[in-house]
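If you want the building blocks of each chain, they are given just below.
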Amino acid sequence: MQLISIQPSPHQGHDLDALLPTMTYRDLELALGQVSVGDRHRRMIPYLVSALQEQSKFLTGQMVMFEILRSANCLADVGPPQILDG
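How each quantity is defined
Residues numbered from 1 in each chain as written. Predicted model: local features only at pLDDT ≥ 70, side-chain atom pairs only at ≥ 80, totals over all residues. Heavy atoms only, no water. Helix = DSSP H or I, 4+ residues; strand = E, 2+ residues; numbered from the N terminus. Buried < 20%, exposed > 50% of the residue type's maximum accessible area, 1.4 Å probe, protein only. Contact = heavy atoms within 4.5 Å. Areas by Shrake-Rupley, 256 points an atom, 1.4 Å probe, with all protein chains shown as cover. Expected span 1.5 Å × (residues − 1). Arc of directions from axis to C-beta. Salt bridge = Lys/Arg side-chain N within 4 Å of Asp/Glu carboxyl O. Core = buried A, V, L, I, M, F, W, Y, C linked by side-chain atoms within 4.5 Å. Polar contact = N/O pair within 3.5 Å; in protein donor to acceptor, adjacent residues only side chain to side chain.

### Description of the overall build of the protein chain
Phase 1 of the analysis: Each helix and strand in the protein chain was counted, giving 3 helices and 0 strands.
Phase 2 of the analysis: In the protein chain, the order of α-helices and β-strands from amino to carboxyl end is α-α-α.
Phase 3 of the analysis: Taken across its 86 residues, the protein chain has 15% of its residues classed as buried.
Phase 4 of the analysis: Long-range pairs, those at least 24 residues apart, make up 63% of the contacts in the protein chain between residues at least 6 apart in sequence.
Phase 5 of the analysis: Within the structure as shown, the protein chain displays about 7,500 Å² of accessible surface, and the carbon and sulfur contribution to it stands at 58%.

Right, dumping it as structure tokens:
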């Protein structure tokens with residue numbers, strides 16, 4: 001499955017305070033699956049999504065977005081470059 005980029009409609013312009021498109025937890029689960037680097041990471045997705053769903057009741061929208069980005073970063077195994085001993 002491929003994620004589709006949603007372009008802002010012409011009447012929205014490029015206002016940074018415009019709302020992001022809505023997303024379901026199922027959409028989040030699918031998106032995290034796209035960035036996951038392996039089976040071990042993909043198996044974590046339902047737990048991460050479930051935890052976020054429970055946490056989101058107590059978080060602001062900005063905090064929820066931060067948690068989504070942290071989850072994606074973890075599942076994509078993105079980190080600082082490693083120096084290899086030669």
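### A look at helix α3 (residues 61-75)
Phase 1 of the analysis: The first and last C-alpha atoms of α3 sit 21 Å apart over 15 residues, in line with the 21 Å expected at 1.5 Å per residue.
Phase 2 of the analysis: All of the buried residues in α3 are Val64, Ile68, Ser71 and Leu75. For α3, the arc enclosing every buried residue in end-on projection is 65°, short of the 170-degree limit, so these residues lie on one face. When the buried face of α3 is taken as reference, the exposed residues oriented beyond 90 degrees from it are Gln62 and Leu69.
Phase 3 of the analysis: Those residues of α3 that are buried lie in contact with α1 (25-35) and α2 (39-55).

### Overview of the pattern of salt bridges
Phase 1 of the analysis: For the coordinates displayed, the defined rule picks out 3 salt bridges.
Phase 2 of the analysis: A salt bridge links Arg42 to Asp39, with the shortest nitrogen-to-oxygen separation between them at 3.2 Å. Residue Arg42 and its partner Asp39 are located together in helix α2, separated by 3 residues, close to a single helical turn.
Phase 3 of the analysis: By relative accessible area, Arg42 is classed as partly exposed at 36%.
Phase 4 of the analysis: For Asp39, a relative accessible area of 51% gives the class exposed.
Phase 5 of the analysis: A salt bridge links Lys57 to Glu54, with the shortest nitrogen-to-oxygen separation between them at 3.2 Å.

### Some remarks on the nonpolar core
For soluble globular proteins, the rule of thumb is that nonpolar side chains tend to be buried together.
Phase 1 of the analysis: With 8 residues, the main nonpolar core is built from Leu28, Leu32, Ile45, Val49, Leu52, Val64, Ile68 and Leu75.
Phase 2 of the analysis: Every element with two or more residues in this core is listed here: α1, α2 and α3.
Phase 3 of the analysis: In this structure, Ile68 is in contact with Met23, Leu28 and Leu52, ignoring residues within four places of it in sequence.

### What about the side chain of Ser36?
Phase 1 of the analysis: You can see Ser36 is positioned in the loop between α1 and α2.
Phase 2 of the analysis: Here Leu32 takes part through its backbone oxygen, which lies 2.7 Å from a polar atom of the side chain of Ser36.
Phase 3 of the analysis: Excluding its chain neighbours within four sequence positions, the residues that come into contact with Ser36 are His41, Arg42, Ile45 and Leu75.

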